[in-house]
Amino acid sequence: MDLVSIFIAFAGGIFGAAIGALQAFVILGFLILVGVAAQATGADLMSIPLGTAFGPHVGGFAAGVAAAAYASRKGKIESGRDIVSALMGTNSPDVLLIGGIFSVGAYILNWAFNLVPFAWTDTVALSVVVSAIVARLLWGNGVFGQVKAGQARYAPGPDTQWLPWQSTVAQRLMIGLGAGVLSAHIALLIGAENGGVVMGFAISAISLSLLGLGVQVPVTHHITLVAAVAATASGSLIWGAVFGMGAGIVGEYMANTFLVHGDTHIDPPACTIVVLTSLSILLQAVGVYGAFSETIAIVILVVLVLYGAFAMMRQSSVGVVEQASA
């Protein structure tokens, strides 16, 4: 860490806040694709999308999240959870300044987390989470938000859910399986050393450009990243499927814990990436990815598939009952 890097992080945060958190994240996805392609030629450009200016923890997402929380408190935008609006439109230099300050703070956080002398989690994702929590504490309604009267934290109403089209158990397990296997396959095909771990993540990030246009696309970057991490650590596509489906389940839990009852954005995918990356590292450390690894993964996968099938049948039966009573 040096003053030049801090200055670059500050500039990246200003830019990320100016174009909005979601747009910055989509640009990050394109930059990762460029970085992966460059590695095929022997060049190393991955420090651009995952580094000081454009990483998710700095100008590539978190700066825009914090700036939106601040802008909402100042009455410049309607909601602190608005990660789509380009905050340049507020015509408020102080909003952009907050983006720069939080970008520097998250850059320092990530540097500090990496002082731990062994792999323990995804420090970038953890920095995204901590940055958002700080913004919530400063300008929001508490770390866990406030549950509305008549609602339960883990059973929010349709108007409160994170992604209504991605909320049922069966739907989350299905997209977790699909996106997880594809990302794991790409990661194993390209190889971790060639950027394969983040290829699926990049595709997921780019797909979110459609979300900003109102298209009900799935949010999958937590699924694709942890699936690729597990697949490359274990050498198994099946473990990628297991972690992809697991991310589909954990993501909704994180949304209900931190996001849907809050008035600023704390990112469910980033929370999920922290938890499941740490789990994958732990499984590798204790030898689960060693002997009988594939058998263990197949058993877990079968359980998840059966759980998804049961949830889908239950959902269908509830729908039939509701139609009959209508």
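Higher on the page you've got the structure.
With 59 residues, the main nonpolar core has Ile32 and Phe243 as its most contacted residues. Residue contributions to this core peak at 11 residues, all from helix α9 (residues 237-259). What phenylalanine 243 contacts, discounting residues up to four positions off in sequence, is Val226, Ala227, Ala230, Leu276, Leu279, Ser280, Leu283 and Tyr289. Core analysis: the second largest hydrophobic core is formed by 16 residues, Ala17, Tyr70, Leu87 and Ile98 among them.

A few words now on empty space enclosed by the protein. Empty pockets left among the atoms are what a rolling probe the size of a water molecule brings to light. Following the criterion strictly, the structure yields two cavities of 30 Å³ or more and no others. Roughly 40 Å³ of internal volume is contained in the largest cavity. Considering the residues around the largest cavity, the lining is formed by Gly12, Phe15, Gly16, Ala24, Ile27, Ala53, Phe54, Gly59 and Gly60. Those elements giving two or more residues to the lining of the largest cavity turn out to be α1 (3-19) and α2 (21-40). With three residues, the top contributor of residues to the lining of the largest cavity is α1. Residue composition of the lining of the largest cavity, by class: five nonpolar, four polar and no charged. Taken as a whole, the second largest cavity holds about 30 Å³ of empty space.

Here we take up the packing of aromatic side chains. Scanning all chains against the criterion turns up 10 aromatic pairs. On the numbers, 5.5 Å between centres and 25° between planes, the contact of phenylalanine 144 with phenylalanine 258 is stacked. With a gap of 114 residues between them, phenylalanine 144 in the loop between α5 (123-139) and α6 (169-190) and phenylalanine 258 in helix α9 connect regions that are remote in the sequence. Note on phenylalanine 144: relative accessible area 42%, which makes it partly exposed.

So, on to α1. Because each turn of an α-helix spans 3.6 residues, side chains separated by three or four positions end up pointing in the same direction. The end-to-end C-alpha separation of α1 is 25 Å, in line with the 24 Å expected for 17 residues at 1.5 Å each. Every buried residue belonging to α1 is among Ser5, Ala9, Gly12, Gly13, Gly16, Ala17, Ala18 and Ile19, and all of these are buried. On its buried face, α1 sits against α2, α3 (62-73) and α4 (93-113). You can read the cap of α1 off the contacts: a side-chain oxygen lies 3.2 Å from the backbone nitrogen of valine 4, and it is on aspartate 2. Of the residues one or two after α1, glycine 20 is the one with positive phi, at around 95°.

About the cut-offs
- Residues numbered from 1 in each chain as written.
- Predicted model: local features only at pLDDT ≥ 70, side-chain atom pairs only at ≥ 80, totals over all residues.
- Heavy atoms only, no water.
- Core = buried A, V, L, I, M, F, W, Y, C linked by side-chain atoms within 4.5 Å.
- Buried < 20%, exposed > 50% of the residue type's maximum accessible area, 1.4 Å probe, protein only.
- Helix = DSSP H or I, 4+ residues; strand = E, 2+ residues; numbered from the N terminus.
- Contact = heavy atoms within 4.5 Å.
- 1 Å grid on protein atoms, 1.4 Å probe; cavity = no way out; pocket = protein on both sides within 12 Å on 5 of 7 lines; lining within 4 Å.
- Points joined across faces, edges and corners; volume = space filled by probe spheres on them.
- Nonpolar A, V, L, I, M, F, W, Y, C, P; charged D, E, K, R; others polar.
- Phe/Tyr/Trp six-rings, centres within 6.5 Å; stacked < 30°, edge-to-face > 60°.
- Expected span 1.5 Å × (residues − 1).
- Polar contact = N/O pair within 3.5 Å; in protein donor to acceptor, adjacent residues only side chain to side chain.

Coordinates in, geometry out; function isn't part of it.
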